[in-house]
Amino acid sequence: MEQALEQARTTSSTALGLDAEALRITTYTDPAVPGLVVFHAHRPYDGGRVRQMGGAVVDGRTYVNGAEALGKVFEAWGYGSARTRPAEDVARVAVMLVASDEPSSVMTSESDFSYAKRSGFDDAAGPTDVDVDGRPGVRFWFSNGYNPFTEVDVVPAAIPGAPATIRYGRTHGGG
């Protein structure tokens, strides 16, 4: 576990061109899957642009492409034809790997959705299991400082370990 965390910190520091101490790193570890660490690293806003990235360390290998990293997580979970994790867990991991201008969080409460519903997105809701093109997946909404709400579906590939599908849906548009 410590080695995976160090890999996440070193990879993030190098990729973002920042000193490792300048980064805030959020991690997700699954005690049922040794060797799996999903991470999100960012430099807090300091007057310049936010710098951030997500990735996963799986069995000692680091993946920083969001779709590739999520595909490896799905494989480690055995998630595919069987849904081996609740939708909320999938969303909590996937939000660390989706492309976004700023760190994002999964929307889960009625207060999270109040602006989306006032904006005409009446069906905005917490993470839920969906089928996308015949594959089991999860739909969730996330928010960040730039976009108050964005819908996204995540689906494992037909071939375990291949990049997952991350399909962006409706969004506020930011600003």
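Model, not experiment: these values are computed from the prediction.

A.B. asks: Before we move on, could you go through the environment of D101 and cite the residues and values that matter?
C.D. replies: Along the chain, the position of D101 falls in the loop between helix 3 (87-94) and strand 5 (105-106). On the accessibility criterion, D101 (52% relative accessible area) is exposed. Along the backbone, D101 and N147 are 46 residues apart, and their C-alpha atoms lie at a distance of 8.7 Å.

A.B. asks: An account of the sheet that holds strand 2 (residues 36-43) is needed here, citing residue identities and associated values.
C.D. replies: As a general point, the strands of a sheet are linked pairwise by backbone hydrogen bonds and lie either parallel or antiparallel. Across the sheet, four strands lie side by side as 1-2-3-4; this open sheet has antiparallel pairing. Lying at the two open borders of the sheet, with one neighbouring strand each, are strand 1 (24-29) and strand 4 (61-63). Mean inter-strand twist for the sheet, computed between neighbouring axes without regard to direction, equals 25 degrees. Sheet topology places strand 2 next to strand 3 (residues 51-58); eight bridges connect them, and they run antiparallel. Bridge pairing in strand 3 links R43 to R51. Against the sheet, helix 1 (residues 2-16) contacts strand 1, strand 2, strand 3 and strand 4, and its axis sits at roughly 145 degrees relative to strand 3.

A.B. asks: Go over the side chain of S13 with me, naming the residues and quoting the values.
C.D. replies: As for its placement among the helices and strands, S13 is situated in helix 1. Residue classification places S13 among the buried positions, given a relative accessible area of 14%. At 3.4 Å, the side chain of S13 and the backbone nitrogen of A20 are in polar contact. Apart from the residues within four sequence positions on either side, S13 is in contact with L18, D19, A20 and L23.

A.B. asks: If you had to explain the pattern of salt bridges to someone new, which residues and values would you point to?
C.D. replies: Within the structure shown, the criterion is met by twelve salt bridges. Residues R83 and D131 are paired through a salt bridge, measuring 2.9 Å at the closest nitrogen-oxygen approach. With R83 in the loop between helix 2 (66-77) and helix 3 and D131 in strand 6 (residues 128-132), this pair connects stretches of sequence that are 48 residues apart. You can call D131 exposed: its relative accessible area is 58%. Across the pair D133 and R167 runs a salt bridge whose closest N-O atoms are separated by 2.8 Å. Within this pair, whereas D133 is found in the loop between strand 6 and strand 7 (135-143), its partner R167 is found in strand 9 (residues 165-171), the two being separated by 34 residues in sequence. Judged by relative accessible area, D133 falls into the exposed class, the value being 65%. Look at the salt bridges and you will find they share partners, linking D123, R139, E151, D153 and R170 into a network.

Conventions and cut-offs
- Residues numbered from 1 in each chain as written.
- Predicted model: local features only at pLDDT ≥ 70, side-chain atom pairs only at ≥ 80, totals over all residues.
- Heavy atoms only, no water.
- Helix = DSSP H or I, 4+ residues; strand = E, 2+ residues; numbered from the N terminus.
- Buried < 20%, exposed > 50% of the residue type's maximum accessible area, 1.4 Å probe, protein only.
- Pairing = 2+ DSSP bridges.
- Axes fitted to C-alpha atoms, helices over the stretch in contact; angles between N-to-C directions.
- Contact = heavy atoms within 4.5 Å.
- Polar contact = N/O pair within 3.5 Å; in protein donor to acceptor, adjacent residues only side chain to side chain.
- Salt bridge = Lys/Arg side-chain N within 4 Å of Asp/Glu carboxyl O.

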